[in-house]
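Inside the fold
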Amino acid sequence: EDKLQYHIECQAGDIAPVVIVPGDQGRVEKIVAGLSDARKMAENRGLITYTGKYKGHPVSVTSTGMGGPSASIVYEELINIGAKVLIRIGSVAGLQDYVNEGDIVVPYGCVRDDGASNYYVPANFPAVPSPDVYSSLTASARERKRKIVTGINWTHSCFYKRDPEYFQSWSRRRVVSLEMEASALFVISYLRNVKAGFIGICYANRYRQSAGPKVDLSVKSPKRDVIENSVQEAIEITLTAIKKLYDGDLV
Ligand code: R1X
């Protein structure tokens, strides 16, 4: 299937084999700033695609929007037109006391509450990244001496659920973070035989926010600078990881 895709409005030839897939449209240009010869290929319904190069290797960036249902559309359409490696750079909230604003999280598995992957596979099917992408991300973080958090991430679907137990139950099971798109990415990529990985930047600590009886989810962290620095570092780690994948013939 190489025809013009319904939502992303790209076709075969428009994208690189490696595509970075942030949820946030505002993050697209920050990633594109790290590429050379970048060209905007399409924009439709907040799904923005650029293609360029990193150290000579072709790389694209496409925003997915929030949540498994929107993101799954983008993952499928990118794979339809030739994506072989998808890497999500996204925001997460910490679920352990030690996962704080600005921390970088690279999960090796997800709890599957993304709202889309259950239409593909039964509940006992796992959501895991490709070992090649996971190792490239962790190796490039290690090279920069950047400490990362790793473990199981919870991909959920209801941002404004305020029940403290909603968060605490997964904290007790040692889940490190939560967000809304990664498990759909892992399941769809596995089923379609492409590689996937996820690098997250922590913007809040839901473990502490949900420790009392009232959960306020609308508090923005005052540590914007720390978070922004980590976003930049996560982008650099991802681009280095992509070079490693190309150099190792793993794309
Ligand atoms: O994955 C989560 C979602 O896309 C992270 O940030 C958004 C919710 O605020």
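Residues numbered from 1 in each chain as written. Predicted model: local features only at pLDDT ≥ 70, side-chain atom pairs only at ≥ 80, totals over all residues. Heavy atoms only, no water.

**A few points about the site of the ligand**
Cut-off, in case you're wondering: Each residue is tested against the molecule or strand, and it is near if at least one of its non-hydrogen atoms lies within 4 Å. Under this definition, polar contacts are N or O atom pairs within 3.5 Å; protein pairs additionally need one hydrogen-donor-capable and one acceptor-capable atom, and for neighbouring residues in sequence, both atoms have to be side-chain atoms. Per-residue and other accessible areas were derived by the Shrake-Rupley procedure at a 1.4 Å probe size, with only the shown protein chains allowed to occlude residues. Put simply, the grid is 1 Å and covers the protein atoms alone, a cavity is a trapped set of points that fit a 1.4 Å probe, a pocket is an open set with protein on both sides within 12 Å along at least five of seven lines, and lining residues have an atom within 4 Å of a point. The rule for placing a molecule in a cavity or pocket is simple: more than half of its atoms must lie within 2 Å of the grid points.
What surrounds the ligand is the set Met-66, Arg-88, Ser-91, Phe-159, Glu-179, Met-180, Glu-181 and Tyr-203. Within the side chain of Arg-88, one N or O atom sits 3.3 Å away from an oxygen atom of the ligand. In this structure, an oxygen atom belonging to the ligand sits 2.6 Å away from a side-chain N or O atom of Glu-181. Expressed as a share of its isolated accessible area of 270 Å², the protein-covered part of the ligand is 82%. The cavity that encloses the ligand is the largest pocket.

**Things to note about the nonpolar core**
Our working rule: The term nonpolar core refers to a set of buried residues drawn from Ala, Val, Leu, Ile, Met, Phe, Trp, Tyr and Cys, joined through side-chain atoms within 4.5 Å. For each residue, the accessible area found with a 1.4 Å probe, counting protein chains only, is set against the maximum for its type, and the residue is called buried under 20%, exposed over 50%, and partly exposed in between. The secondary structure listing takes helices from DSSP runs of H or I that are at least 4 residues long and strands from runs of E that are at least 2 residues long, numbered from the N terminus. Residue contacts follow a heavy-atom distance rule, with two residues in contact if any of their heavy atoms lie within 4.5 Å.
With 33 residues, the main nonpolar core has Ile-8, Val-19, Tyr-75, Leu-78, Leu-86 and Phe-186 as its most contacted residues. Of all elements in the fold, only helix 2 (68-80), strand 5 (85-94), helix 5 (182-191) and strand 11 (195-205) reach the threshold of two or more residues within this core. Per element, the largest residue contribution to this core is 6 residues, and it comes from helix 5. When sequence neighbours within four positions are dropped, the list of residues in contact with Leu-86 reads Val-19, Val-21, Tyr-75, Leu-78, Ile-79, Leu-185, Ser-189, Lys-195, Ala-196 and Gly-197. Counting residues in hydrophobic clusters, the runner-up holds 32 residues, among them Ile-31, Val-32, Tyr-134 and Tyr-246.

**Quick look at the pairing of strand 3 (residues 47-54)**
Test applied: Any two strands with at least two DSSP bridges between them are considered paired.
Taking burial as the measure, the 8 residues of strand 3 include 7 buried ones, the bulk of the element. Linking two consecutive strands that pair antiparallel, namely strand 2 (residues 36-44) and strand 3, is a turn of 2 residues; a positive phi of about 50° is found at Arg-45 within it. Here strand 3 pairs with strand 4 (residues 57-62) via 6 bridges, running antiparallel. If you follow Thr-49 over to strand 4, its bridge partner there is Thr-62. The turn linking strand 3 back onto strand 4 is made up of 2 residues, and Lys-55 within it adopts a positive phi angle of 45°.

**Things to note about the layout of surface pockets**
Stated formally: Grid points are joined across faces, edges and corners, and a volume is the space filled by probe spheres set on the points. Residues are sorted three ways: Asp, Glu, Lys and Arg are charged, Ala, Val, Leu, Ile, Met, Phe, Trp, Tyr, Cys and Pro are nonpolar, and all the rest, Gly among them, are polar.
If you add up the space inside the largest pocket, you get close to 740 Å³. In terms of lining residues, the largest pocket is bounded by 33 residues, among which Met-66, Ser-91, Phe-159, Tyr-203 and Lys-220 are the most central. Looking at the lining of the largest pocket, the elements with two or more residues in it are strand 5, strand 10 (177-179), strand 11 and helix 7 (224-247). When the residues that make up the lining of the largest pocket are grouped by side-chain class, the tally is 15 nonpolar, 8 polar and 10 charged. If you add up the space inside the second largest pocket, you get close to 190 Å³. Forming the boundary of the second largest pocket are 13 residues, of which Ser-130, Ser-189, Asn-193, Val-194 and Lys-195 lie nearest the centre. Mapped onto the lining of the second largest pocket, the elements with two or more residues apiece are helix 5 and strand 11. Examining the composition of the lining of the second largest pocket, we find that 3 residues originate from one element, helix 5, more than from any other.

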